[in-house]
Amino acid sequence: MKLEEDSMADIESSFEFSSSLTSSSLPPPRTRIFKIIVIGDSGVGKTCLTYRFCAGKFPDKTEATIGVDFREKVIEIDGEKIKVQLWDTAGQERFRKSMVQHYYRNVHAVVFVYDVTNAASFRSLPSWIEECRQHALGQEVPRILVGNKCDLRHAAQVSTDVAQQFADAHSMPLFETSAKNPYGNDSGQNNSDHVEAIFMTVAHKLKSQKPLMLSQPPCGSGDTVTLRRQDEEDRGTWGCGCWRS
Ligand SMILES: Nc1nc2c(ncn2[C@@H]2O[C@H](COP(=O)(O)OP(=O)(O)OP(=O)(O)O)[C@@H](O)[C@H]2O)c(=O)[nH]1
Ligand SMILES: [Mg+2]
């Protein structure tokens, strides 16, 4: 789905989570939304990776993303339904200028993508990290590094060792994968989908860092109980966003 700038406010307003339970009526809790932005140079495969996760296949054809494309998938972790909302951002500067501030608002996690066959896309990573810093993204927001197009191993320009050193220096886990063949073999059979595993790992991380908490109702509020996300109670107290697959 393409997003126009004036439709952003509607989407952004859906990030709030709050739900009430009463003994007389028990509406199902609203689905939590985890907003994950995917950034990196143009052509590294951000659209293909997000499409692969949400649609389960490699797209027939892609064009350079303009502004942002927005994809989502509802997953279930430990019995809780969670909406993973992926913001597939434009890599080309001219297509992202007016939208950048929207990308970073209320973001829960960041996925940095480079193309293992394109050293320049790896060298650009510090500038993407700097953009995050300029938009006041706190260290508590988990970040991961994804080297895409590993199906083209023969053409690789970025070694795993170098990428791992960079990831370690920035306290990020590194994943190498392919949106085209995320199974790690030629047949595409009998192996789990690595792209799926990457985004699921992020979702698990977010869920474990943002447990639901039951708040005590204020005196006189009857039997209403309010569910809140922990980060609404103590925003900014996440630990380091460093974890390994
Ligand atoms: N071989 C191979 N090609 C890929 C893979 N992922 C993406 N591509 C190709 O790389 C090209 C660019 O992919 P996109 O997903 O459009 O790249 P992007 O990062 O979204 O680019 P922008 O929208 O311009 O920022 C397309 O021709 C894809 O088919 C992959 O894992 N393996
Ligand atoms: Mg794209």
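In the nomenclature of an unreviewed UniProt entry, the chain corresponds to small monomeric GTPase from the organism Onychostoma macrolepis. The Catalytic activity (unreviewed entry) field of the UniProt record for the chain holds the comment "GTP + H2O = GDP + phosphate + H(+)". Its UniProt record gives the chain the following Sequence similarities (unreviewed entry) comment, quoted word for word: "Belongs to the small GTPase superfamily. Rab family."

(A) Region of interest: the overall build of the chain. Scanning the chain from N- to C-terminus turns up nine helices and nine strands. Sequence-distant contacts in the chain: of pairs separated by 6 or more residues, those separated by 24 or more amount to 71%. If you sum the accessible surface of the chain, you get close to 12200 Å²; carbon and sulfur atoms cover 49% of it.

(B) Structural context of the pattern of salt bridges. For the coordinates displayed, the defined rule picks out twelve salt bridges. Note that Glu131 is salt-bridged to Arg96, the shortest N-O span being 2.5 Å. In this pair, Glu131 is assigned in helix α6 (residues 125–134) and Arg96 in helix α3 (residues 93–96), connecting sequence segments 35 residues apart. Both residues of the pair, Glu131 and Arg96, count as buried. Between Arg153 and Glu176 there is a salt bridge, and its shortest N-O distance comes to 3.5 Å. Remark: Glu176 occurs in strand β7 (residues 174–176) and Arg153 occurs in the loop between β6 (143–148) and α7 (160–169); sequence separation between them is 23 residues. Arg153 gets classed as partly exposed once you look at its relative accessible area, which sits at 47%. Here Glu176 falls in the buried class, since its relative accessible area comes to 18%.

(C) Broad picture of the packing of helix α2 (residues 46–55) against helix α8 (residues 194–209). α8 packs onto α2 with a crossing angle of 85° between their chain directions and a minimal axis gap of 9 Å. Classified by the interaxial angle, the pair formed by α2 and α8 is roughly perpendicular. Of the residues in α8, those touching α2 at Leu49, Arg52 and Phe53 are Val195, Glu196, Phe199 and Met200. Looking at side-chain class alone, the contact of α2 with α8 contains five nonpolar, no polar and two charged residues.

(D) The arrangement of the site of ligand 1 in detail. Ligand 1 sits among 21 residues. The nearest are Ser42, Lys46, Thr65, Gly91 and Asp151. Between Ser42 and ligand 1, the recorded distance is 2.6 Å, taken from a side-chain N or O atom to an oxygen atom. Between ligand 1 and Lys149 there is a distance of 3.0 Å, counted from an oxygen atom to a side-chain nitrogen or oxygen. The element that contributes the greatest number of residues to the shell around ligand 1 is α2, accounting for three residues. Residues belonging to the shell around ligand 1 are distributed by class as follows: seven nonpolar, nine polar and five charged.

(E) Layout of the coordination of the magnesium ion (ligand 2). Looking at the magnesium ion (ligand 2), one finds its protein donor set to be Thr47 (OG1) and Thr65 (OG1), positioned 2.0 Å from the metal centre. In this pair, Thr47 is assigned in helix α2 and Thr65 in the loop between α2 and β3 (68–77), connecting sequence segments 18 residues apart.

Criteria and thresholds
- Residues numbered from 1 in each chain as written.
- Chains lettered and ligands numbered in written order.
- Predicted model: local features only at pLDDT ≥ 70, side-chain atom pairs only at ≥ 80, totals over all residues.
- Heavy atoms only, no water.
- UniProt positions renumbered as here; feature names shortened; annotations may be inferred.
- Helix = DSSP H or I, 4+ residues; strand = E, 2+ residues; numbered from the N terminus.
- Contact = heavy atoms within 4.5 Å.
- Areas by Shrake-Rupley, 256 points an atom, 1.4 Å probe, with all protein chains shown as cover.
- Salt bridge = Lys/Arg side-chain N within 4 Å of Asp/Glu carboxyl O.
- Buried < 20%, exposed > 50% of the residue type's maximum accessible area, 1.4 Å probe, protein only.
- Axes fitted to C-alpha atoms, helices over the stretch in contact; angles between N-to-C directions.
- Parallel < 35°, antiparallel > 145°, perpendicular 65-115°, else oblique.
- Nonpolar A, V, L, I, M, F, W, Y, C, P; charged D, E, K, R; others polar.
- Near = heavy atom within 4 Å.
- Polar contact = N/O pair within 3.5 Å; in protein donor to acceptor, adjacent residues only side chain to side chain.
- Donors = N, O, S within 2.8 Å, 3.2 Å for Na, K, Ca; no water.

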